[in-house]
Every structure is written in structure tokens, then in C-alpha cells.
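# Structural features, examined
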Amino acid sequence: MSAADFLDQWFETDVLKATMSASGIIGTFLGVRSPGTAYVLLHHYMGEIDGAFRAWGFSRGGTGAISNAIAAAAREAGAEIRTQAGVERILVQNGRAIGVVLEGGEEIRAEVVSSSIDPRMTFEKMIGERELPGDFMEEVRRYKYRGSSGKVNLALDGLPEFAAIPGTGRHLRGAISVSPAVDYMERAYDQAKYGEFSRRPYIDMVIPTLTDPSLAPPGKHVLSCFVQYAPYNLKEGTWDDKRDEFGDTVVDTIAEYAPNIRSLIIGRQVLTPLDIERSVGLSEGNIFQGELSLEQLFFLRPMAGWARYRTPIRRLYLSGSATHPGGGIMGAPGRLAALEILKDIGK
Ligand SMILES: Cc1cc2nc3c(=O)[nH]c(=O)nc-3n(C[C@H](O)[C@H](O)[C@H](O)COP(=O)(O)OP(=O)(O)OC[C@H]3O[C@@H](n4cnc5c(N)ncnc54)[C@H](O)[C@@H]3O)c2cc1C
């Protein structure tokens, strides 16, 4: 069912339903009234932090601190990690992965290759059709990305004041959401459906510097805004032409709720789905390495017959968000893939 239908079963107040419904559309090119979005909503309540079921949190040092913590644990267990080492190709011999070739030509041989990037990048870019069955490649091409999210990061000279709750109290430490009505959320999608970014978007804001002052100089703050909708495919123009306009729209929308915002901005970074694709290699900028829609979830993620991290190439595995149980900073796909790899290599 849709996120809006699901919430109707539990709540009466429109503004509460609106803000709750937002979890149903994150990373998805669907509206809060589109069937299937109730799943996406519940996906966002999966897991726990330190025993607190459904909790979300900030990591001190920024999100990269989580990757660094995992890397430190891996190094302690003997792993060697190389960064700034882009993989160009996966080497395949007689239907088996035998290593990778880095940009620049260096070859690294391996018993097992585990790819935590998405199927398009893994199979179309790094392997190619000749090594893979035709029906498999058809599924790879059919897998949907449809990035719909943008980010606007603002460096601020002080804290924003929201007209609804003046002052700079504890309310600024949590998630702040521009999602005033279920209709507002659906209208934001209407524009995206026809190939435009939302002129009054849904915005999910956090001020991480209130919980982790190390992220900015004293007295300064970061306002990190997650924005929908920013469709990867625009009907007119390109994201390179529209990036600033999109950033202005986000700031104008925030200013309707926090009038002092413009005077505080000392720096601005606008990331469109195209920028996300270019900078971290997420196809079409989909934040979850592919939509969390029913036809590509559970035993169908990323595709029917290939949901157990294995691929048609022996000793090549998928281990990222495009595999079950999907996107999010939770590490579950990687752990489940590692368990399957250990089984196959007899450990
Ligand atoms: C803007 C945005 C906001 C998000 N917000 C949240 C949130 O608030 N909470 C949450 O839980 N999740 C959030 N997510 C989703 C979450 O970040 C991802 O689902 C998660 O990081 C996926 O982890 P992964 O290990 O599967 O893949 P990734 O983190 O994508 O790791 C893949 C790695 O492969 C590297 N790579 C790509 N191509 C190559 C190549 N050719 N050679 C070598 N390396 C390569 C990439 O640089 C990257 O480091 C967000 C994602 C985005 C983009």
C-alpha cells in the first residue's frame, strides 16, 4: 500500500501523517500516495542503535567516521585497504573472476571479487555483455535506479530561527522536516513526475554541528538538507544548467519557515543526482543503488534468481545496497554477502 494509506490506519492529524510519510519516498521516484511506499517507510525503521529499536543517530566526525571504524576493524583483522584506486575492469577467465584492473592499468589477482557497487556499474561497465548470459543482462538493464534526491549543504554563520518555534532550543538538534501537509508532499512529486524538480520540495534538515561541534569552527554551523524531488532525468535543460536554480528553490523554501536563513549563509554546496552519480558512482544518483520497489526487493533484489549475492560469474559476488536487504547505513548486505562467500570458499 502507499505510505499515506498506511498512516491513515494509525493517525488522524494531517501534519503528523505528512512528516511520517516522508520516509516512504526517500530515495524513491514515487509519491506518498503511490502503492509500495509503505514498505519504504518501514524500511527506514529497520534496525537499532545501541539497543534502541528504530533509532537514528549522528556519528561523531560525520558519516565517514562509520566507514573509518569499519576500516580500522578490518585492518586489525589483517586487511589491506587501498583508496583512490578506481577499479576499471573485473578480470574474468573461463567464467570465473580472477581479479581486477585498476585505472592506470595495475592488475590485482584475487581468489574472490566482491563488488559493493551497483549491477549496472559491475556488469555493464566492468565486465561487459560477452561474458554474461543474455537473459541476465536483460535483467541488469531492467533494474530501476531513477534517482530522485538532491542535497543542499549550507555553511551558516549562526543558527536558523524557525517562525513556528522561535529561539534556538533543543528542537534544532533533531531532524527538521519541511512537509507541512500530505497534499504538499504529493504535489512535490507531481512536478517530478513530469520531469521537473519540485518548486516547493520536501526537505529533511539536520544541524549536525549541534551534536558534534568538531564539524565547524566555533559559532559556525552546518545545515545539511536532503531534498526531494530532484529527478535524474529532466524534461528540459540539464542539471549542470539548473543546479543553482535548484539550490535557490531550496533556500527560498526554507526561508518561508526560517526567515533569517539567507543572512546566515556563508557557503553553499548543491548536489544533484547527476553530481552524486559523478562523485561516488551511484547510477542515476539513486542513494540506495536502485529503488526499493517491490519488484526489486527481498528475493528479487537485485534480480530474480540472483538474490543470494552470487552472480553468473563464479567467485564474483555483489555485496552492496543493490542486494538484500537494500540501502541504508546498516552493513547488512555486506555481512550477508561475506557469510555466503565464506561458505563457498569452505571457511
Ligand atoms: C545523499 C545521500 C543521503 C543518504 N542518507 C542516508 C541516511 O541518512 N541514512 C542511511 O542509513 N543511509 C543514507 N543513505 C544511503 C547509504 O549511504 C547507502 O545505502 C550506503 O552507504 C550504501 O553502502 P554500500 O557499502 O552498499 O555502498 P557505498 O557506500 O555506495 O560504497 C561503494 C563504494 O565503492 C566505491 N566505488 C565506486 N566505484 C568504484 C570503482 N570503480 N572503483 C573502486 N571503488 C569504487 C565508492 O566510492 C564507494 O566508496 C544516503 C545516501 C546518499 C547518497
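Residues numbered from 1 in each chain as written. Predicted model: local features only at pLDDT ≥ 70, side-chain atom pairs only at ≥ 80, totals over all residues.

Once that is clear, we can look at the overall build of the chain. When helices and strands are counted, the chain shows eleven helices and twelve strands. Computed over its C-alpha atoms, the radius of gyration of the chain comes to 21 Å, within 12% of the 20 Å expected for a compact globule of 347 residues. Projected onto its principal axes, the C-alpha coordinates of the chain cover approximately 65 × 45 × 45 Å. Within the chain, contacts between residues separated by at least 24 positions form 64% of all contacts whose residues are at least 6 apart in sequence. (Helix = DSSP H or I, 4+ residues; strand = E, 2+ residues; numbered from the N terminus. Rg over C-alpha atoms; globule rule 2.2 N^0.38 Å. Contact = placed C-beta atoms within 7 Å.)

What follows covers unusual backbone geometry. Here the amide bond leading from Q228 into Y229 is cis, since omega sits at 15 degrees, within 30 degrees of zero. Counting through the fold element by element, Y229 comes out in the loop between β10 (221-228) and α8 (239-257). Cis peptide bonds are those with omega within 30 degrees of zero, and the linkage from H324 to P325 qualifies with 0 degrees. Take P325: it is sitting in the loop between β12 (316-318) and α11 (332-344). Non-glycine residue Q289 carries a positive phi angle of around 55 degrees. Considering the arrangement of structural elements, one finds Q289 in the loop between α10 (273-280) and β12. Phi angles above zero are rare outside glycine, and R315 is one such case at about 65 degrees. Of note, R315 is situated in the loop between α10 and β12. Residue R315 is classed as partly exposed on the basis of its 19 C-beta neighbours within 10 Å. (Buried ≥ 20, exposed ≤ 12 C-beta atoms within 10 Å, placed from the backbone.)

A separate point is the sheet that holds strand β11 (residues 265-271). Strand order in the open sheet made by the five strands is β8-β9-β10-β7-β11, with antiparallel pairing throughout. Whereas interior strands pair on both sides, the edge strands pair on one side only; in this sheet they are β8 (176-178) and β11. Pairwise comparison of adjacent strand axes, ignoring direction, gives a mean angle of 20 degrees for this sheet. Direction of pairing for strand β7 (residues 149-156) relative to β10: antiparallel, over a ladder of eight bridges. Bridge assignment links K151 to a residue of β10, and that residue is F226. (Pairing = 2+ DSSP bridges. Axes fitted to C-alpha atoms, helices over the stretch in contact; angles between N-to-C directions.)

The subject of this paragraph is the domain arrangement of the chain. Domains assigned within the chain are domain 1 (3-57 + 147-280) and domain 2 (64-144 + 286-344). Between domain 1 and domain 2, the C-alpha centre-to-centre distance is 29 Å. At the interface, ten residues of domain 1 touch eleven residues of domain 2. At three residues, helix α3 (residues 37-43) tops the list of elements feeding residues into the side of domain 1 that touches domain 2. Along the lines of polarity and charge, the residues of the side of domain 1 that touches domain 2 split into three nonpolar, seven polar and no charged. (Domains from an automatic or database assignment. Nonpolar A, V, L, I, M, F, W, Y, C, P; charged D, E, K, R; others polar.)

As a further point, take the sheet that holds strand β5 (residues 107-109). If you trace the three strands from one edge of the open sheet to the other, you get β3-β4-β5, paired in antiparallel fashion. The two strands at the open ends of the sheet, each matched to only one other strand, are β3 (87-93) and β5. Taking the axes of each pair of neighbouring strands and ignoring which way they run, one obtains an average angle of 30 degrees across the sheet. Of the pairings in the sheet, the one linking strand β4 (residues 96-102) to β5 comprises three bridges and is antiparallel in character.

Listing the buried residues of α10 in full gives P273, L274 and I276. End-on view of α10: buried residues confined to an arc of 165 degrees, all on one side of the axis. Buried residues along α10 sit in contact with β7, α8 and β11. (Arc of directions from axis to C-beta.)

The ligand sits among 18 residues. The nearest are G281, I287, G320, G327 and I329. Elements with a contribution of two residues or more to the shell around the ligand: β7 and α10. Partitioning the shell around the ligand into residue classes produces nine nonpolar, eight polar and one charged. Of the residues that make up the shell around the ligand, three or more belong to each of domain 1 (3-57 + 147-280) and domain 2 (64-144 + 286-344). (Near = placed C-beta within 6 Å.)

Here we come to the nonpolar core. Core analysis: the largest hydrophobic core is formed by 52 residues, its most contacted members being A3, I25, M185, I203, C225, V227 and V250. Tallying contributions element by element places helix α7 (residues 182-193) first for this core, with five residues. Here this core spans two domains, and each of domain 1 (3-57 + 147-280) and domain 2 (64-144 + 286-344) adds at least three residues to it. Those residues in contact with V227, other than ones at most four positions away along the chain, are S149, G150, K151, V152, P201, I203 and V250. V92, I98, Y309 and L316 belong to the second-largest nonpolar core, a separate cluster that totals 18 residues. (Core = buried A, V, L, I, M, F, W, Y, C linked by C-beta atoms within 7 Å.)

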